[in-house]
Amino acid sequence: MVFPTRQTAVLKGHIGAVHCVTYSAGLGTYALSGGADRKINLWNPSKGTKVQTYSAHGYEVLSIACSHDNALLASSGGDKLVFLWDVSTATTLRRLEGHWGRINTVEFNADASILVSGSYDATVRFWDIKSQNRKPVQTLEDAKDSISDVSIRAHEVIAGSVDGRIRNYDLRMGKCYVDTIAPAGVTSVKQSADGAATLVGALDGMVRLMDKTDGKMLQNYKGHKNTEYRVKSCFAEKEELVALSRSTTTQPQTTIPKPHIILQAATMLSRTAFRSAYQLSSRRAATASTILRSSAVQTRSAASTSSSQVTSKDEAYSLLLAQRKLRPLAPHLSIYQPQLTWLLSSLHRITGVTLAGSVYLFGISYAVAPLFGLHMETATMVASLATLPIAAKILLKATLATPFAFHCINGVRHLNWDTARELHLKGVYRTGYAVIGLTSIATVYLSFFA
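Before going into details, it helps to say that this report is about the structure given with it. (Residues numbered from 1 in each chain as written. Predicted model: local features only at pLDDT ≥ 70, side-chain atom pairs only at ≥ 80, totals over all residues. Heavy atoms only, no water.)

## Details of a nonpolar patch on the surface
Turning to step 1, where the next piece is worked out: On the surface, Tyr 360, Ile 364, Val 368, Leu 371, Phe 372 and Leu 374 cluster together into a nonpolar patch covering about 730 Å² of accessible area.
Turning to step 2, where the next piece is worked out: With respect to the helices and strands, Leu 374 occurs in the loop between helix 4 (340-368) and helix 5 (378-386). (Patch = residues over 30% accessible without salt bridge, like charges linked within 9 Å, V, L, I, M, F, W, Y side chains within 5 Å. Areas by Shrake-Rupley, 256 points an atom, 1.4 Å probe, with all protein chains shown as cover. Salt bridge = Lys/Arg side-chain N within 4 Å of Asp/Glu carboxyl O. Helix = DSSP H or I, 4+ residues; strand = E, 2+ residues; numbered from the N terminus.)

Below, the structure is given as structure tokens:
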């Protein structure tokens, strides 16, 4: 079999990290991508052109799913909402609420009558697309940590979780099979076409092919190292191959045949931090599913054919502690790409607190100074400043003028937003650069000429 050796196209259009990429249903003529810029782009990958942009999210887009006829599009992310789109008009039909944490994954069933979502709140929720009800019709609460991925086939739903397990829900029989995969979190699950096997990716860098019947491992695929990134895996070439994305530049990867190379390459290049997209924070054990009795939940050890089964609460708690040690603390600033939007927003709050704190501190000091025999009269302070060298005066004035000028000018920018102007991304960047320029001019004027 001949694998491709050259890059066919680069799809450019997002600002910041690309969190998710998928093909349209059927022949995969089109592709969809979502990213940190809160936008979903529709592409023609063969031409490398952008066809449409879908804008409604207020936070990053983490997952995209297409219906079987490509008429509907579902997306989710940090909004804690599931967005249902009309593909042709690029408008939102509904916004489904129910999760209280960021939603990591969404998936349609075969006829697009049911939509399934998995969230940081450790729940899987089912939504009836045919009805007008915006609330979930069913909730599964068995996971003990964030749901990272879901896969649907017929009456079965498989959910992968950061607690290191996959849960196979047989909705028709009312049973749940829990397979323990690894101490590290599960990043992706993908069912085979015949439904007999499941491809599972985990944060230990290994991809496993699991037998759904008995939970045994049929095969494992190694070659890359991954402990913190969102790595997806899938079948290729009529399930003759398993395609893997790499998480480091020093490890080998399985080459991906067409037509997957364009979008899988985009996923690899984004290398979205798993700790950022999924908030790897451990949580308490959830209650039993609303539709499944606790007696219907069966736990199987699935990491290998010889793994020991977790049979007690103490062993389960020890496994959870081991998982916590493998996870980075999140969120922290090193996982975010520096962008003008959040930098100016942070500076606006910092300068506001600094200025307000300085005024309060000076006022209190001025009031209590006579009690301690200190002189803070205007004449005394003016005389003291007059004795300073010119360079010290300019430095002191610049230190006070910079936060004052920035906070005032950026405050005017916020007032302009209150009039519903410049609320789009280009407007936010345009006014942001204007604030930086005007702050620099005001600081120079107040430091040297005032």
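## Looking at the pattern of salt bridges
Turning to step 1, where the next piece is worked out: For the structure shown, the criterion picks out 8 salt bridges.
Turning to step 2, where the next piece is worked out: Note that Arg 167 is salt-bridged to Asp 163, the shortest N-O span being 2.9 Å. The pair formed by Arg 167 and Asp 163 is uniform in burial state, with each residue classed as buried.
Turning to step 3, where the next piece is worked out: Of the charged contacts, one joins Asp 204 and Arg 208 as a salt bridge, the two residues approaching to 2.6 Å between their closest N and O atoms. (Buried < 20%, exposed > 50% of the residue type's maximum accessible area, 1.4 Å probe, protein only.)

## Focus: the pairing of strand 5 (residues 61-66)
Turning to step 1, where the next piece is worked out: Taking burial as the measure, the 6 residues of strand 5 include 6 buried ones, the bulk of the element.
Turning to step 2, where the next piece is worked out: Sheet topology note: the strand 5/strand 6 (residues 72-77) ladder contains 5 bridges and is antiparallel. Each bridged residue has a counterpart across the sheet, and for Cys 66 the counterpart in strand 6 is Leu 73.
Turning to step 3, where the next piece is worked out: Linking strand 5 to strand 6, which pair antiparallel, is a turn of 5 residues; within it Asn 70 sits at a positive phi near 60°. (Pairing = 2+ DSSP bridges.)

## Section: the packing of aromatic side chains
Turning to step 1, where the next piece is worked out: Applying the stated criterion to the full structure yields 6 aromatic pairs.
Turning to step 2, where the next piece is worked out: Members of the aromatic cluster, connected to one another through ring pairs, are Tyr 54, Phe 83 and Trp 85. (Phe/Tyr/Trp six-rings, centres within 6.5 Å; stacked < 30°, edge-to-face > 60°.)

## A few points about the side chain of Asp 211
Turning to step 1, where the next piece is worked out: Relative to the helices and strands, Asp 211 resides in strand 19 (residues 207-211).
Turning to step 2, where the next piece is worked out: A relative accessible area of 18% places Asp 211 in the buried class.
Turning to step 3, where the next piece is worked out: A polar contact is formed between the side chain of Asp 211 and the backbone nitrogen of Thr 213, at a distance of 2.8 Å.
Turning to step 4, where the next piece is worked out: Ignoring sequence-local partners within four residues, the contact set of Asp 211 consists of Ala 196, Lys 216 and Leu 218. (Polar contact = N/O pair within 3.5 Å; in protein donor to acceptor, adjacent residues only side chain to side chain. Contact = heavy atoms within 4.5 Å.)

## Observations regarding the environment of Val 186
Turning to step 1, where the next piece is worked out: With respect to the helices, strands and loops of the structure, Val 186 is situated in strand 17 (residues 186-191).
Turning to step 2, where the next piece is worked out: Taking relative accessible area as the criterion, Val 186 reaches 0% and is therefore assigned buried.
Turning to step 3, where the next piece is worked out: Once the C-alpha coordinates of Val 186 and Ser 148 are considered, the two residues, 38 residues apart in sequence, prove to be 6.9 Å apart.

## Looking at the sheet that holds strand 20 (residues 217-221)
Turning to step 1, where the next piece is worked out: Strands sit in the order 17-18-19-20 across an open sheet of 4 strands; the sheet is antiparallel. Sheet topology places strand 17 and strand 20 at the edges, where each strand pairs with a single neighbour. Strand-to-strand twist in this sheet, taken as the mean axis angle between neighbours without regard to direction, amounts to 20°.
Turning to step 2, where the next piece is worked out: Relative to strand 18 (residues 197-202), strand 17 runs antiparallel, the two being bridged by 5 bridges. Across the sheet, the residue bridging to Gln 191 is Thr 198, located in strand 18. (Axes fitted to C-alpha atoms, helices over the stretch in contact; angles between N-to-C directions.)

## Topic: the environment of Thr 402
Turning to step 1, where the next piece is worked out: Examined against the element boundaries, Thr 402 turns out to sit in helix 6 (residues 390-418).
Turning to step 2, where the next piece is worked out: Exposure remark for Thr 402: the relative accessible area of 36% places this residue in the partly exposed category.
Turning to step 3, where the next piece is worked out: Sequence spacing of Thr 402 and Thr 443 is 41 residues, and the spatial spacing of their C-alpha atoms is 5.4 Å.
Turning to step 4, where the next piece is worked out: Look past the residues within four positions of Thr 402 in its chain and what remains in contact with it is Thr 439 and Thr 443.

## What about the packing of helix 4 against helix 6?
Turning to step 1, where the next piece is worked out: Between helix 4 and helix 6, the shortest axis-to-axis distance is 9 Å and the interhelical angle comes to 125°. The angle between the axes of helix 4 and helix 6 places the two elements in the oblique class. Remark: the crossing between helix 4 and helix 6 carries left-handed chirality. Together, Leu 344, Leu 347, His 348, Thr 351, Gly 352 and Leu 355 of helix 4 and Pro 403, Phe 404, Phe 406, His 407, Asn 410, Gly 411, Arg 413 and His 414 of helix 6 make up the contact between the two elements.
Turning to step 2, where the next piece is worked out: Residue classes in the contact of helix 4 with helix 6 are distributed as 6 nonpolar, 7 polar and 1 charged. (Parallel < 35°, antiparallel > 145°, perpendicular 65-115°, else oblique. Left-handed = near helix turned anticlockwise from the far one by under 90°. Nonpolar A, V, L, I, M, F, W, Y, C, P; charged D, E, K, R; others polar.)

## Observations concerning the nonpolar core
Turning to step 1, where the next piece is worked out: Counting residues in each nonpolar core, the largest one holds 14 residues, and the members touching the most others are Val 116, Val 124, Phe 126, Ile 147, Val 150 and Ala 159.
Turning to step 2, where the next piece is worked out: Residue contributions to this core peak at 3 residues, all from strand 13 (residues 147-153).
Turning to step 3, where the next piece is worked out: Ranked by size, the runner-up nonpolar core spans 13 residues in total, among them Ala 65, Leu 72, Leu 96 and Val 106. (Core = buried A, V, L, I, M, F, W, Y, C linked by side-chain atoms within 4.5 Å.)

## Regarding the sheet that holds strand 10 (residues 114-119)
Turning to step 1, where the next piece is worked out: If you trace the 4 strands from one edge of the open sheet to the other, you get 9-10-11-12, paired in antiparallel fashion. At either margin of the open sheet sits one strand with a lone partner, and together these are strand 9 (103-108) and strand 12 (138-140). Neighbour to neighbour, the strand axes of the sheet diverge by 20° on average, direction disregarded.
Turning to step 2, where the next piece is worked out: Of the pairings in the sheet, the one linking strand 9 to strand 10 comprises 5 bridges and is antiparallel in character. Bridge pairing links Ile 103 to Ser 119 in strand 10.

## Focus on helix 4
Every α-helix winds through 3.6 residues per turn, so residues three or four apart in the chain are directed the same way.
Turning to step 1, where the next piece is worked out: Counted at 1.5 Å a residue, the expected span for helix 4 with its 29 residues is 42 Å, and the 42 Å between its end C-alpha atoms agrees.
Turning to step 2, where the next piece is worked out: Every buried residue of helix 4 is accounted for by Leu 340, Leu 344, His 348, Thr 351 and Gly 352. (Expected span 1.5 Å × (residues − 1).)

## Some details on the packing of helix 6 against helix 7 (residues 425-448)
Axis angle and axis distance: for two packed helices, these are the angle between their axes and the distance between the axes, and together they describe the pair.
Turning to step 1, where the next piece is worked out: At a closest axis distance of 8 Å, the pairing of helix 6 and helix 7 adopts a crossing angle of 150°. The pairing of helix 6 with helix 7 is recorded here as roughly antiparallel in orientation. Two packed elements cross with a definite hand, and for helix 6 against helix 7 that hand is right-handed. For the pair helix 6 and helix 7, contact is made by Ile 394, Lys 397, Ala 398, Ala 401, Thr 402, Ala 405, Phe 406, Ile 409, Asn 410, Arg 413 and Trp 417 and by Val 428, Thr 431, Gly 432, Val 435, Leu 438, Thr 439, Ala 442, Thr 443, Leu 446, Ser 447 and Phe 448, respectively.
Turning to step 2, where the next piece is worked out: Of the residues contributing to the contact of helix 6 with helix 7, the split by class is 13 nonpolar, 7 polar and 2 charged.

## What about the side chain of Asn 410?
Turning to step 1, where the next piece is worked out: Tracing the backbone shows Asn 410 in helix 6.
Turning to step 2, where the next piece is worked out: Asn 410 sits in the buried class, given a relative accessible area of 0%.
Turning to step 3, where the next piece is worked out: A polar contact of 3.0 Å, which involves the side chain of Asn 410, links it to the side chain of Arg 413.
Turning to step 4, where the next piece is worked out: Contacts of Asn 410, omitting those with residues within four sequence positions, involve Leu 344, His 348 and Val 435.

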